[in-house]
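# Remarks on the overall topology
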Amino acid sequence: MANISKEEVKHVAHLARLAITEEEAEMFADQLAAITKFADELNELDTTDVAPTTHVLPLVNVLRDDKSVPGLEREKMMKNVKEEEAGQVKVPTIIE
């Protein structure tokens, strides 16, 4: 990987609306160079027999079965409705 220059760091900081000094830009460029060097070292490792890992622990979602259940009976529910029209609950218009 290519080293990241001080000008590239300043450009990205400008895009992110971050104010950084010349010293900070140089420090970040050095830090990013060290990070990319480490990533290059990791790319040299032989990982052919290593299984892909998304998490260090074997996590499993615990979900209930999706079963349909009968809802309230329409007649029973409509007893508590102020206004109805054609078997539907009528509510005031909110968009003009």
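Residues numbered from 1 in each chain as written. Predicted model: local features only at pLDDT ≥ 70, side-chain atom pairs only at ≥ 80, totals over all residues. Heavy atoms only, no water.

### As for the overall build of the chain
When you go through the chain residue by residue, the secondary structure sums to 3 helices and 2 strands. Taken from the N to the C terminus, the helices and strands of the chain come in the order α-α-α-β-β. For a compact globule of 96 residues, the expected C-alpha radius of gyration is about 12 Å, and the chain comes in at 30 Å, more than 25% above that figure. Principal axes of the C-alpha set define a box for the chain whose edges measure 70 × 50 × 15 Å. (Helix = DSSP H or I, 4+ residues; strand = E, 2+ residues; numbered from the N terminus. Rg over C-alpha atoms; globule rule 2.2 N^0.38 Å.)

### Re the environment of Pro 58
Locating Pro 58 in the fold gives a position in the loop between α2 (22-43) and α3 (74-78). Sequence-wise, Pro 58 and Glu 23 are 35 residues apart; in three dimensions their C-alpha atoms are separated by 44 Å.

### Some points on the packing of helix α1 (residues 6-15) against α2
Orientation of α1 relative to α2, taken along the N-to-C sense of each, is 110°, at an axis distance of 8 Å. Regarding the angle of α1 to α2, the classification is roughly perpendicular. Along its contact with α1, which presents Lys 6, Val 9 and Lys 10, the element α2 presents Glu 22, Ala 25, Glu 26, Phe 28, Ala 29 and Leu 32. (Axes fitted to C-alpha atoms, helices over the stretch in contact; angles between N-to-C directions. Parallel < 35°, antiparallel > 145°, perpendicular 65-115°, else oblique. Contact = heavy atoms within 4.5 Å.)

### Looking at the confidence of the model for the chain
Averaged over all residues, the pLDDT of the chain is 89; the fraction at 70 or higher stands at 99%. Across the chain, element-level confidence peaks in α1 with a mean pLDDT of 95 and bottoms out in α3 with 88. (pLDDT = per-residue confidence, 0-100.)

### Quick notes on α2
With 22 residues, α2 should cover 32 Å at 1.5 Å per step; its first-to-last C-alpha distance of 31 Å lies within 8% of that length. Considered for burial, the residues of α2 that qualify are Ala 25, Ala 29, Ala 33 and Thr 36. For α2, the buried positions fall inside an angular range of 80° around the axis, keeping them on one side. Exposed and facing more than 90 degrees away from the buried side of α2 are Glu 23 and Ile 35. (Expected span 1.5 Å × (residues − 1). Buried < 20%, exposed > 50% of the residue type's maximum accessible area, 1.4 Å probe, protein only. Arc of directions from axis to C-beta.)

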